[in-house]
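# Breakdown of the fold
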Amino acid sequence: MWKQHQQQVHIIDQRIALLLKDLVKDKPEVKKDALGKTKSVRHHKPEIKNLHVMMVQLFGVNVSSIAGINDYTLLRLIGETGVDMSRFPSMKQFTSWCSLSPGHHQSGKKSKWIKRAPCNKAGQIFKEAAQSLENSKHNAIGAFIRRLKARRGPAVAYKAGGRKIAEAFYNTLTKGVEYVEQGVKKYEQQLKAKELSLLQKFAKKHKLQVVDN
């Protein structure tokens, strides 16, 4: 039975390969320096020759440069979102469609958290990508997830991390610019600057002065 399943998976992979070739046949050839680094796929790696090349050719940019996304993730996302983001006029509408927007409702000055519908398949893929970054010590989204998880718990952290990846995905496809990892150090510097700015704002409000120690 296991062998039969593997044979069926192989047949499906070959069918997907034919569909991808049909999708990229009118796309311009990709230069070698535009391919970037190919990320490894640890689980359920598709048996598709030149998958990374076809992914870059299809999107016109190396989308797998985004933290947490590899060629297999992109293959799954194509089935959910396609490659044309024109049906989503804005990044907020895309993340809302993925059900990755915060469950926040405000009426006047009153604000409350409301229960949101579960993520669709695309949103779930982005959340899985975020979860894979939890232990990463080299990218900003991983640091963001760890910090938020300590305060709000894993469910909120993975959803917020998934939203950041979804935003990067949307921006990469709509702007055609490869994602650039800012790193943990830069994220921590930005966080520190934000905290200092808030501290100075409160000090000014209460007529106090912030002094460096």
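Residues numbered from 1 in each chain as written. Predicted model: local features only at pLDDT ≥ 70, side-chain atom pairs only at ≥ 80, totals over all residues. Heavy atoms only, no water.

Across its full length, the protein holds eight helices and two strands. Element order for the protein, N to C, with α for helix and β for strand: α-α-α-α-β-β-α-α-α-α. When burial is assessed residue by residue, the protein has 37% of its 213 residues classed as buried. By sequence separation, contacts in the protein at least 24 residues apart represent 62% of the contacts at least 6 residues apart. Carbon together with sulfur atoms contributes 53% to the accessible area of the protein, which is approximately 14,700 Å² in total. (Helix = DSSP H or I, 4+ residues; strand = E, 2+ residues; numbered from the N terminus. Buried < 20%, exposed > 50% of the residue type's maximum accessible area, 1.4 Å probe, protein only. Contact = heavy atoms within 4.5 Å. Areas by Shrake-Rupley, 256 points an atom, 1.4 Å probe, with all protein chains shown as cover.)

Further remarks concern the packing of aromatic side chains. For the structure shown, the criterion picks out eight aromatic pairs. Ring geometry for Phe59 against Phe169: centres 6.5 Å apart, planes inclined by 75 degrees, an arrangement best described as edge-to-face. Remark: Phe169 occurs in helix H7 (residues 154-175) and Phe59 occurs in helix H2 (residues 51-59); sequence separation between them is 110 residues. The class for Phe169 is buried, based on a relative accessible area of 0%. Ring geometry for Phe88 against Trp97: centres 5.1 Å apart, planes inclined by 50 degrees, an arrangement best described as tilted. Accessibility expressed as a relative area gives 6% for Phe88, which makes it buried. Given the relative accessible area of 32%, Trp97 is considered partly exposed. When the ring centre of Trp97 is taken as origin, the NZ or CZ atom of Arg87, which lies over that ring, is 5.2 Å away. Here the guanidinium or amino end of Lys164 rests over the ring plane of Phe144, the centre of that ring lying 4.7 Å away. (Phe/Tyr/Trp six-rings, centres within 6.5 Å; stacked < 30°, edge-to-face > 60°. Lys NZ or Arg CZ within 6 Å of the ring centre and 35° of its normal.)

For the rest of this paragraph, the subject is the side chain of His52. Assignment of secondary structure puts His52 in helix H2. Taking the relative accessible area as the measure of exposure, His52 reaches 8% and is therefore buried. At a separation of 2.7 Å, a polar atom in the side chain of His52 contacts the main-chain carbonyl oxygen of Leu35. If we skip the residues at most four places from it in the chain, His52 touches Leu35, Gly36, Lys37, Thr38, Asn62, Ser64 and Asp71. (Polar contact = N/O pair within 3.5 Å; in protein donor to acceptor, adjacent residues only side chain to side chain.)

In this structure the tally under the stated criterion is three salt bridges. Taking the shortest distance from any N to any O, the salt bridge between Lys25 and Asp22 comes out at 3.1 Å. Lys25 sits in the exposed class, given a relative accessible area of 56%. For Glu128, the salt bridge goes to Arg76, with nearest N and O atoms at 3.1 Å. (Salt bridge = Lys/Arg side-chain N within 4 Å of Asp/Glu carboxyl O.)

We now examine the nonpolar core. One finds Leu20, Met55, Phe59, Phe94, Phe126, Ile165 and Phe169 to be the most contacted residues of the largest nonpolar core, which totals 43 residues. Secondary-structure elements contributing two or more residues to this core are helix H1 (2-24), H2, helix H3 (71-81), helix H5 (121-131), helix H6 (140-152) and H7. When residues in this core are grouped by element, the largest group, nine residues, is from H7. Beyond its immediate sequence surroundings of up to four residues, Leu20 is in contact with Ile48, Leu51, Met54, Met55, Leu58, Leu75 and Ile78. (Core = buried A, V, L, I, M, F, W, Y, C linked by side-chain atoms within 4.5 Å.)

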